[in-house]
Amino acid sequence: GESVGLHLPTLSVQEGDNSIINCAYSNSASDYFIWYKQESGKGPQFIIDIRSNMDKRQGQRVTVLLNKTVKHLSLQIAATQPGDSAVYFCAEKSAGGTSYGKLTFGQGTILTVHP
Amino acid sequence: DAGITQSPRHKVTETGTPVTLRCHQTENHRYMYWYRQDPGHGLRLIHYSYGVKDTDKGEVSDGYSVSRSKTEDFLLTLESATSSQTSVYFCAISESTGVDEKLFFGSGTQLSVL
């Protein structure tokens, strides 16, 4: 899972395998979560989001699972491809008040997919 | 990148010089943000705007100012650049501030302050 520090967690998988990337969040009041993918030299790209009233949401080849009891978020990528190699990070937003995009971002996990 | 253009893409400058980064969007979104990304700190919000001439500070606003004279443009200015401001700067936009708002990011500006 993600952690604060200079060395990001890494995950290496073979092409075609399923990947699971984890994220522990800290604020029990967070009500919205997003997963972003960031390729080298590019900006973060939205992948999938989930609201706190859900525990699972599926997209194309991706699934996000939310466990509010242990404040844990995971991103599952099915049939991982070399093009999925990137840094993945989660972001959370707290409930209440004005938000103005005040997302709190995790540090990220480096996913490397080997052909 | 969701109709967001950042310029310049790369900038090298000297300590003490002023620097302005530009973000231009074609999505007509109301909200615009400037983030910086550093190893060990992730993405941190510098300033944001909720409309033309309406801006506010984020968590790391010291040493930075912003301006938004048109919906499509959001400028970030370092009045007197310091080495600690060496970073990758990202502009982001969002359509709303609803509970499930999504931020869309530009490609970033790599700034090096020598």
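This is a predicted model, so every value here is computed, not measured. (Residues numbered from 1 in each chain as written. Chains lettered and ligands numbered in written order. Predicted model: local features only at pLDDT ≥ 70, side-chain atom pairs only at ≥ 80, totals over all residues. Heavy atoms only, no water.)

## Let's talk about the overall build of chain B
A tally of regular secondary structure across chain B gives zero helices and eleven strands. Beginning at the N terminus, the succession of helices and strands in chain B can be written as β-β-β-β-β-β-β-β-β-β-β. Rg of the C-alpha trace for chain B: 13 Å, near the compact-globule value of 13 Å for 114 residues, within the 12% margin. Its C-alpha atoms put chain B at 40 × 30 × 25 Å along the principal axes. Expressed as a percentage of the 114 residues in chain B, the buried residues total 47%. Considering only contacts within chain B whose residues lie at least 6 apart along the sequence, 56% involve residues at least 24 apart. (Helix = DSSP H or I, 4+ residues; strand = E, 2+ residues; numbered from the N terminus. Rg over C-alpha atoms; globule rule 2.2 N^0.38 Å. Buried < 20%, exposed > 50% of the residue type's maximum accessible area, 1.4 Å probe, protein only. Contact = heavy atoms within 4.5 Å.)

## So, the packing of aromatic side chains
Applying the stated criterion to the full structure yields 14 aromatic pairs over all chains. A centroid spacing of 6.5 Å and a plane angle of 85° characterise the contact between B:Phe90 and B:Phe105, whose relative ring orientation is edge-to-face. You can see B:Phe90 sitting in strand β9 (residues 87–94) and its partner B:Phe105 sitting in strand β10 (residues 104–105), a full 15 residues away along the chain. A residue is classified by how much of its surface remains accessible, and B:Phe90, at 2% relative accessible area, is buried. Here the aromatic cluster, defined as three or more aromatic residues joined through ring pairs, consists of A:Tyr36, A:Phe46, A:Phe89, A:Phe105, B:Tyr35, B:Phe90, B:Phe104 and B:Phe105. (Phe/Tyr/Trp six-rings, centres within 6.5 Å; stacked < 30°, edge-to-face > 60°.)

## Looking at the confidence of the model for chain A
Confidence along chain A averages 88 in pLDDT terms, with 88% of residues attaining 70 or more. A low-confidence stretch, residues 1–5 of chain A stays under pLDDT 50, and its non-local contacts, those more than four residues away or across chains, total 20 contacts. (pLDDT = per-residue confidence, 0-100.)

## Here's the deal with the interface of chain A and chain B
Taken together, the contact between chain A and chain B spans 24 residues of the former and 25 residues of the latter. Taken together, the two surfaces of chain A and chain B that pack against each other cover about 2000 Å², and 57% of this comes from carbon and sulfur. In this assembly, chain A and chain B are joined by one salt bridge. Between B:Lys102 and A:Asp49 there is a salt bridge; the shortest N-O distance is 3.2 Å. Taken together, chain A and chain B are joined by six residue pairs in polar contact (both at pLDDT 80 or more). Every element with two or more residues in the side of chain A that touches chain B is listed here: β3 (30–38), β4 (45–51) and β8 (86–94) of chain A. In terms of residue count, the dominant contributor to the side of chain A that touches chain B is β3(A) (five residues). Of the residues in the side of chain A that touches chain B, the class split is eleven nonpolar, seven polar and six charged. (Buried area = accessible area lost by both parts, 1.4 Å probe. Salt bridge = Lys/Arg side-chain N within 4 Å of Asp/Glu carboxyl O. Polar contact = N/O pair within 3.5 Å; in protein donor to acceptor, adjacent residues only side chain to side chain. Nonpolar A, V, L, I, M, F, W, Y, C, P; charged D, E, K, R; others polar.)

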